[in-house]
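This is what each chain is made of:
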Amino acid sequence: MSKVSIIVGLQWGDEGKGKIADFLSGDYDIIARFQGGANAGHTVKVGGKEYIFHQVPSGLLRGGKVGVLGAGMVIDIIALVEELRQLEGVDYDLIIDERAHLVLPYHRVQDARQEESGRGVGSTRKGISQAYRDKYARFGIRAGSLLDEHVLKEELRRSYEFNARYFTVNLDFDELYDILLAESREIGNFIGDAVSYLKDAVEGGKKVLMEGAQGALLDIDFGTYPYVTSSHTISGGALVGLGFPWKRVDEVIGVFKAYTTRVGKGPFPTELVDETGNQIREKGGEYGATTGRPRRVGWLDLVALRYSVWINGVDYLVMTKLDVLFGFPEIKVAVGYRLHGMEIDWFPASSHRLAHVEPVYRTFSGFDDLDGAREFISFIEEHLGVPVKIISYGMDRDKTIVL
Ligand code: IMP
């Protein structure tokens, strides 16, 4: 019997989806990414060895799986070729949807320049927003174009001229064309129609795990705009990003960290800029997998999570990094906000308003193990109205329990 699950992050990314997708992937035949690109960073530790994936779905490491890079993604093929080297010796297959857009070297240069000018949002500098900009301006290049030299040349010319005219390009046209041609020889065999592939797979009884990158609060529309990424990170993004019918989805799994982190600029109501915050950052190893930047750290925010649970239609929750909170004398959880003297319990749409809220906390006494955390976990489940089914309390695969 086929089974289709969507796994998404409920906060600002880095919830540990990669580890959970890897943990769950044993049950699935196909792991499909539906948005984003090399801005994501999934660290997976297996048998003492650490792997970092940016574009490749993390569960592929197990072997015998098919990875899908969906139409909603923006793919840096130069980086992808590098990444696939980590999978040498692993038995896997990959399908890059012909409709997925390409991140070109000049997108990365433009992203970096924007950040250096101080006018960026604190991006990962991977050229993500620039590639989506070209896609929506209808000057993008799709992966399928790599399969035909003439089409590629024509489309690249159009896109290159658009970029050279309004933005910055770092390579000359022929150099860029040659690079793309060389890379396309390496990955050309993986490019195909992922929509028909998934249709046949699901109709043939295969199991599919759709893996989101980043988190709901970084969604282009439903996140803390403009401090967001440029794609739909919520579960609905899986449908548009893979051309997949909602009726065939069985469940949505929402992953959240037992506290909150955020990388880059933007409002963060429960942020801790004190010693407790530093301790959580160090203990949790809260440094970006993609950029190495220290992550901003704060208490768990149930106002934000309740919003995320709704917009994603979460069926069950996965809590990660609970062990990081072990040993603290007390643990706080935001259960409401105060805004201009009024209490609110819904996550504001406006980042300006969010920047002015003050969290209303509920305080728990500290705990040192899973048993001690029971009250904390039950409180979260009751508040969100969704069960916590999996808890992760360490990086290794075996530091995960299913309740
Ligand atoms: P971009 O996606 O590189 O354009 O970055 C836009 C915003 O999303 C920045 O605040 C980034 O720090 C954040 N971001 C992008 N990818 C991730 C991720 O995988 N984890 C956490 N934050 C991310």
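Whatever comes next refers back to the structure up there.
In what follows, the accompanying structure is described. Bear in mind the structure is a predicted one, so any value in this text is a computation, not a measurement.

**A closer look at the site of the ligand**
Next up, step 1: In the vicinity of the ligand lie 15 residues, with Asp14, Asn39, Thr124, Thr229 and Val263 positioned nearest.
Next up, step 2: With respect to the ligand, the backbone of Gly122 contributes an N or O atom lying 3.3 Å from an oxygen atom.
Next up, step 3: Here an oxygen atom of the ligand and a backbone polar atom of Val263 are 3.0 Å apart.
Next up, step 4: Within the shell around the ligand, the residues separate by chemical class into six nonpolar, seven polar and two charged.

**A word on the nonpolar core**
Next up, step 1: Formed by 53 residues in total, the largest nonpolar core has its most connected members in Met210, Ile280, Leu317, Met319, Leu322, Leu325 and Phe376.
Next up, step 2: Here this core gets five residues from one element, more than from any other, and that element is helix H12 (residues 374-384).
Next up, step 3: Looking at which domains feed residues into this core, each of domain 1 (3-99 + 190-253) and domain 3 (257-402) gives three or more.
Next up, step 4: Among all residues touching Leu317, those that are not within four sequence positions of it are Leu10, Gly254, Phe256, Val309, Leu384, Val386, Pro387, Val388, Lys389 and Ile390.
Next up, step 5: The next biggest cluster of nonpolar side chains, apart from the first, holds 47 residues, and it includes Phe53, Met73, Tyr106 and Leu146.

**Some thoughts on the packing of aromatic side chains**
Next up, step 1: Applying the stated criterion across every chain, the model contains 16 aromatic pairs.
Next up, step 2: Residues Phe139 and Phe162 carry aromatic rings whose centres are separated by 3.9 Å and whose planes lie at 0° to one another, so their mutual orientation is stacked. With Phe139 in the loop between helix H4 (128-136) and helix H5 (149-166) and Phe162 in helix H5, this pair connects stretches of sequence that are 23 residues apart.
Next up, step 3: Looking at Phe139, the relative accessible area reads 23%, which means it is partly exposed.
Next up, step 4: A connected cluster of aromatic rings, assembled from ring pairs, spans Phe326, Phe364, Phe367, Phe376 and Phe379.
Next up, step 5: Seen from the ring of Phe167, Arg133 lies directly overhead, with NZ or CZ sitting 3.6 Å from the centre.
Next up, step 6: Taking NZ or CZ as reference, Lys389 lies 4.4 Å from the ring centre of Tyr316, over its face.

**Considering the environment of Asp369**
Next up, step 1: In this fold, Asp369 is placed in the loop between strand S18 (358-365) and H12.
Next up, step 2: Sequence separation between Asp369 and Leu322 is 47 residues, and the spatial gap between their C-alpha atoms is 8.8 Å.
Next up, step 3: Polar contacts involving the side chain of Asp369 include one to the main-chain amide nitrogen of Gly372, which spans 2.8 Å.

**A closer look at the pattern of salt bridges**
Next up, step 1: One pass over the structure, following the stated rule, counts 19 salt bridges.
Next up, step 2: One salt bridge connects Asp97 with Arg99, and the closest N-O pair in it is separated by 3.1 Å.
Next up, step 3: Taking the relative accessible area as the measure of exposure, Asp97 reaches 1% and is therefore buried.
Next up, step 4: Assessed through its relative accessible area of 29%, Arg99 is described here as partly exposed.
Next up, step 5: In the salt-bridge network here, residues are joined through shared partners; they are Asp14, Lys257, Glu286, Arg295 and Lys321.

Conventions we followed
Residues numbered from 1 in each chain as written. Predicted model: local features only at pLDDT ≥ 70, side-chain atom pairs only at ≥ 80, totals over all residues. Heavy atoms only, no water. Near = heavy atom within 4 Å. Polar contact = N/O pair within 3.5 Å; in protein donor to acceptor, adjacent residues only side chain to side chain. Nonpolar A, V, L, I, M, F, W, Y, C, P; charged D, E, K, R; others polar. Core = buried A, V, L, I, M, F, W, Y, C linked by side-chain atoms within 4.5 Å. Buried < 20%, exposed > 50% of the residue type's maximum accessible area, 1.4 Å probe, protein only. Helix = DSSP H or I, 4+ residues; strand = E, 2+ residues; numbered from the N terminus. Domains from an automatic or database assignment. Contact = heavy atoms within 4.5 Å. Phe/Tyr/Trp six-rings, centres within 6.5 Å; stacked < 30°, edge-to-face > 60°. Lys NZ or Arg CZ within 6 Å of the ring centre and 35° of its normal. Salt bridge = Lys/Arg side-chain N within 4 Å of Asp/Glu carboxyl O.

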